[in-house]
Amino acid sequence: MYDLIIQNARLVTFDQDERILDNAALVINQGKIIDILATGSALPKAREIINHSGQLLTPGLIDCHTHLIYGGNRADEFEMRLNGASYEEIANKGGGIRSTVTATRNASLDALYHSAHRRLKQMMQYGTTTCEIKSGYGLDIDTEMKMLKVAQKLNTSKGIDIIPTFLGAHALPPEFDDKDQYIDFIITDMLPVLKKENLAHVVDGFCENIGFSHAQIKRLFTHAKELGFQLKLHAEQLSDQKGAALAAEFNALSADHLEYLALEDIAKMQAANTVAVLLPGAYYFLRETKLPPVTELLNNHVKIAIATDANPGSSPFLSLPLMMNMACTLFRMTPYQAFQATTINAAHALGIQDQKGSIEIGKCADLVLWDCEHYNQIIYDATLNYRKATIKALCSGTCAVG
């Protein structure tokens, strides 16, 4: 007697064989995919059977780059940019990340939890079942740890898994005048606390003219890797700082943004299996004109993931279907590539590809049932929510349907 069978589904696996199976049945037990049955197969007994009537069944969507926990908002900066101010100009005038740092430091843990939980529920409505959340709006020990504790608390929410990332090297905090001194502070004071508290297993940084230099990030990565952390990097968003090559040198899970990625560094990413995480929401919202080298990444077999980059300053978006639409219209990706970028490739960007991101026997039953017959409808009509239900594996070994 199995827990659940979903029958008569149009199943898009996003596995290595890229199978699309019509009228298939999926057998689920104790939170795992037990079997995939072809059309006409005799069904075993199950406690619950869902007849999906030929409609679409996919892996749950994975948002592999977000800044979901923060205080305040930056709607005023949106208007400033419309009046001609650049990202760098706003940051240099005390806006940007620093303004969110002030609001986040002043917010209580409960206030940050409730505002982030509201955003998280909206993401779940559009099919997200796993979400990475970065710190980086504290830039001191207490607030960084507060943010990661909020992420830990959010991880108890039903229907979604949270993967926390430490982004202490996001910007220079106001109490520091020297970036090297702040990197020293992260290495000597923050990383040991992070390791002891076990609040995150991934370290990220912002390698950019308004962020931190190649040499500073390399020093941070060296110490983080020695402590056993996995690595990610904001790279080549505004200029070519060779951040992607640095990420590849350290076998980072991903390099993210990449509008200014040099073509000669693509092969390094491919050799290191470092995923290219593209963030079309930020590209659109900042009115960037420099396209990331999508064709070259695909031609060199670099995995491309897509994420919302949900944050108050440059991408206040919560819907992965909308991001897939932007990836198709702005970056000229195909709908299949975009969907792949928010499932199995996004799983690779978080190092969870053995458990999630595709429909395969033995993987977690993290699935979305859609009220349509083809994945291109979800992307084409991105503001109409086609999600019918989410099937979510629980730590108890069972599944929840919601």
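What counts and what doesn't
Residues numbered from 1 in each chain as written. Predicted model: local features only at pLDDT ≥ 70, side-chain atom pairs only at ≥ 80, totals over all residues. Heavy atoms only, no water. Salt bridge = Lys/Arg side-chain N within 4 Å of Asp/Glu carboxyl O. Buried < 20%, exposed > 50% of the residue type's maximum accessible area, 1.4 Å probe, protein only. Helix = DSSP H or I, 4+ residues; strand = E, 2+ residues; numbered from the N terminus. UniProt positions renumbered as here; feature names shortened; annotations may be inferred. Polar contact = N/O pair within 3.5 Å; in protein donor to acceptor, adjacent residues only side chain to side chain. Contact = heavy atoms within 4.5 Å. Expected span 1.5 Å × (residues − 1). Bend = angle between axes of the 7 residues up to and from the residue. Pairing = 2+ DSSP bridges. Axes fitted to C-alpha atoms, helices over the stretch in contact; angles between N-to-C directions. Disulfide = S-S within 2.5 Å.

Novice: Explain the pattern of salt bridges to me, please; I cannot follow it from the model alone.
Specialist: When their charged atoms lie close together, side chains carrying opposite charge are able to pair. This structure, assessed with the given rule, holds 21 salt bridges. The salt bridge involving Asp 15 is made with Arg 19; its shortest N-O contact spans 2.8 Å. On the accessibility criterion, Asp 15 (8% relative accessible area) is buried. In this structure, Asp 265 engages Lys 242 in a salt bridge whose closest nitrogen and oxygen atoms are separated by 3.2 Å. With Asp 265 in the loop between strand E11 (254-257) and helix H9 (266-272) and Lys 242 in the loop between strand E10 (230-235) and helix H8 (243-249), this pair connects stretches of sequence that are 23 residues apart.

Novice: I keep staring at the UniProt feature "binding site: 4-imidazolone-5-propanoate" (unreviewed entry) in the chain and nothing clicks. Help me out?
Specialist: The positions that UniProt labels "binding site: 4-imidazolone-5-propanoate" (unreviewed entry) are, in the present scheme, Arg 74, Tyr 137, His 170, Gln 237 and Ser 314. Tracing the chain through its elements places His 170 in the loop between strand E8 (161-169) and helix H6 (179-197). In this structure the side chain of His 170 is engaged in a polar contact, spanning 3.0 Å, whose partner is the backbone oxygen of Gly 136. Of note, Gln 237 is situated in the loop between E10 and H8. Judged by relative accessible area, which is 5%, Gln 237 ranks as buried. The contact partners of Gln 237, leaving out residues within four places of it in the chain, are Phe 206, Glu 208, His 257, Leu 258, Glu 259, Tyr 260, Leu 286 and Glu 288.

Novice: Looking at this structure, I do not really get H6. What am I missing?
Specialist: Because an α-helix completes one turn every 3.6 residues, residues spaced three or four positions apart along the sequence face the same direction. Counted at 1.5 Å a residue, the expected span for H6 with its 19 residues is 27 Å, and the 25 Å between its end C-alpha atoms agrees. In H6, a bend of some 35° at Met 190 exceeds every other bend along the element, and Pro 192, a proline, comes one to four places later. Taken together, the buried residues of H6 touch helix H5 (141-154), E8, strand E9 (202-207) and helix H7 (214-226). Measuring from the side-chain oxygen of the N-cap residue of H6 to the backbone nitrogen of Asp 180 gives 3.0 Å; that N-cap residue is Asp 178. Asn 198 lies just past H6 and shows a positive phi near 55°.

Novice: Sorry, what's going on with the sheet that holds strand E13 (residues 304-306) here?
Specialist: Paired through their backbone hydrogen bonds, the strands of a sheet run either parallel or antiparallel. With parallel pairing, the eight strands of this open sheet are ordered in space as E6-E7-E8-E9-E10-E11-E12-E13. Of all the strands in the sheet, the pair left with one neighbour each is strand E6 (61-63) and E13. Across this sheet, the average inter-strand angle for adjacent strands is 25°, counted without regard to direction. Contacting E8 and E9, H6 runs over the sheet at an angle of about 150° to E8. Against the sheet, helix H12 (residues 320-331) touches E6, strand E7 (128-134), strand E12 (275-278) and E13, its axis set at about 80° to E6.

Novice: Help me understand the pairing of E7, please; the structure alone is not making it clear to me.
Specialist: Extensive coverage of E7 is indicated by the burial of seven of its seven residues. Where E6 and E7 come together, three bridges link them in parallel fashion. Residue pairing for E7: Asp 63 is matched across the bridge by Cys 131. Relative to E8, E7 runs parallel, the two sharing five bridges. Among the inter-strand pairings, Ile 133 is bridged to a residue of E8, identified as Pro 164.

Novice: What is the right way to read the state of the cysteines from this model?
Specialist: By definition, a disulfide links the sulfur atoms of two cysteines through a covalent bond. Per the counting criterion, the structure on display carries zero disulfides. Just so you know, Cys 131 is unpaired, no disulfide at all, and the nearest cysteine sulfur is the one on Cys 64, 9.6 Å from it. With relative accessibility at 0%, the residue Cys 131 sits in the buried group.

Novice: What exactly am I supposed to notice about the side chain of Thr 58 here?
Specialist: Here Thr 58 shows up in strand E5 (residues 56-59). Of the polar contacts made by the side chain of Thr 58, one reaches the side chain of Trp 370; its length is 2.8 Å. In contact with Thr 58, not counting residues within four places along its chain, are Val 12, Phe 14, Phe 339, Ile 359, Asp 366, Leu 367, Val 368 and Trp 370.

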